[in-house]
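Letter by letter, the chains look like this.
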Amino acid sequence: MAVIEYRASAPRTTAERPIRIFLNDAPVAVSQGSPYDLAELAVGYLLSEGLIADRERFVEVTADPEAAAVYVASGERAAEGYVPLHRVTSAGCARSALLSGGGDVPAPARLETSARFDADALLAQMDELCERSPRRNTGECVHGCGLGDGRAGGLLLVREDIGRHNAMDKLIGQAWLDRAGVGDKALFITGRISCEMALKAHRAGCPVLVSRKSATDEAARRAEELGVTLVSHCRDGRLRVLSCPDRIAG
């Protein structure tokens, strides 16, 4: 028989807020997500959209947690034809100019790397991501994203958010702010991989994207085109390599 809880006061729940992102005081997007690590979220989002790229032209990022707003100052500006996203983008399915035609986006070049990754190390680092996601481990409905070398040692960074896209943006943004190179690293995500996730990994310059869960057929197709090694179902001693398999050694 089911046990039903009735509570007079609000139980512990996962925080969710509309987070406004500005580039040089111009509104760029409103992202529905977890209200922490906001600076990293904004920077990672702008990187993923191709709105910023040059670390030397970056000025600063200022987060206002109370207002759930983030202001990025940079010498770079949105390309002509870019349409700012004034509406709220869902935490589950973000909308990207890379897919929506919100500007003239040139055909991306394939990622090339000589880095090779060990399957056992990928499995171990995915397990570590699950262990190091504090909010996820306390019952909150969040996704974890990690950055590792896929060869030896532990994860270099871990970030969380209710949205898969946001979690990846936060991690990519933090790595970029720290000037940490990702060209020979692997991104790990606890949620499924959609096409936009593959595009985000490519835009960040990260050659391997690993999920504990599944990936869509379009994600696998685009990953092959972009030179991103896509790995799904990385758990329980097994993994599936869906694109660019030469980088993964058994």
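Please refer to the structure higher up on the page.
Residues numbered from 1 in each chain as written. Predicted model: local features only at pLDDT ≥ 70, side-chain atom pairs only at ≥ 80, totals over all residues. Heavy atoms only, no water.

Draft legend 1. Expanded view of unusual backbone geometry. At N24, a position not held by glycine, the phi torsion is positive, near 50°. Along the chain, the position of N24 falls in the loop between β1 (17–23) and β2 (26–33). In the Ramachandran plot, R179 falls in the positive-phi region, its phi being about 60° despite a non-glycine side chain. Inspection of the secondary structure puts R179 in the loop between α5 (164–177) and β9 (186–189). (Helix = DSSP H or I, 4+ residues; strand = E, 2+ residues; numbered from the N terminus.)

Draft legend 2. Quick peek at the pairing of strand β11 (residues 229–235). A large share of β11 lies buried, amounting to five of its seven residues. Where the polypeptide runs from strand β10 (residues 208–211) across helix α7 (residues 217–226) and back to β11, its parallel neighbour, the crossover connection is right-handed. Sheet analysis places β11 next to strand β12 (residues 238–241), joined by three bridges and oriented antiparallel. Looking across to β12, one finds that V231 is bridged to V241. If you look at the hairpin formed by β11 and β12, you'll find two residues sitting between the two strands, and D236 has a positive phi there, around 55°. (Buried < 20%, exposed > 50% of the residue type's maximum accessible area, 1.4 Å probe, protein only. Right-handed = clockwise from strand over helix to strand, strands pointing away. Pairing = 2+ DSSP bridges.)

Draft legend 3. Geometry of the nonpolar core. V28, V43, L46, L147, L187 and L209 are the most contacted members of the largest nonpolar core, which has 46 residues in total. Grouped together as the second largest cluster of nonpolar side chains are 16 residues, L123, M126, V158 and V208 included. (Core = buried A, V, L, I, M, F, W, Y, C linked by side-chain atoms within 4.5 Å.)

Draft legend 4. Geometry of the pattern of salt bridges. Under the criterion given, the structure shown has 12 salt bridges. A salt bridge links E218 to R221; the nearest nitrogen and oxygen atoms lie 2.6 Å apart. One end of the pair, E218, and the other, R221, are both in helix α7, three residues apart, so they sit about a helical turn from each other. By relative accessible area, R221 is classed as partly exposed at 40%. (Salt bridge = Lys/Arg side-chain N within 4 Å of Asp/Glu carboxyl O.)

Draft legend 5. Looking closely at the environment of A68. Note on placement: A68 falls in the loop between β3 (58–64) and β4 (69–74). In this structure A68 comes out as buried when scored by relative accessible area, which is 8%. C-alpha of A68 to C-alpha of Y36: the two residues are 32 residues apart in sequence and 8.9 Å apart in space. In contact with A68, not counting residues within four places along its chain, are P18, I19, R20 and L38. (Contact = heavy atoms within 4.5 Å.)

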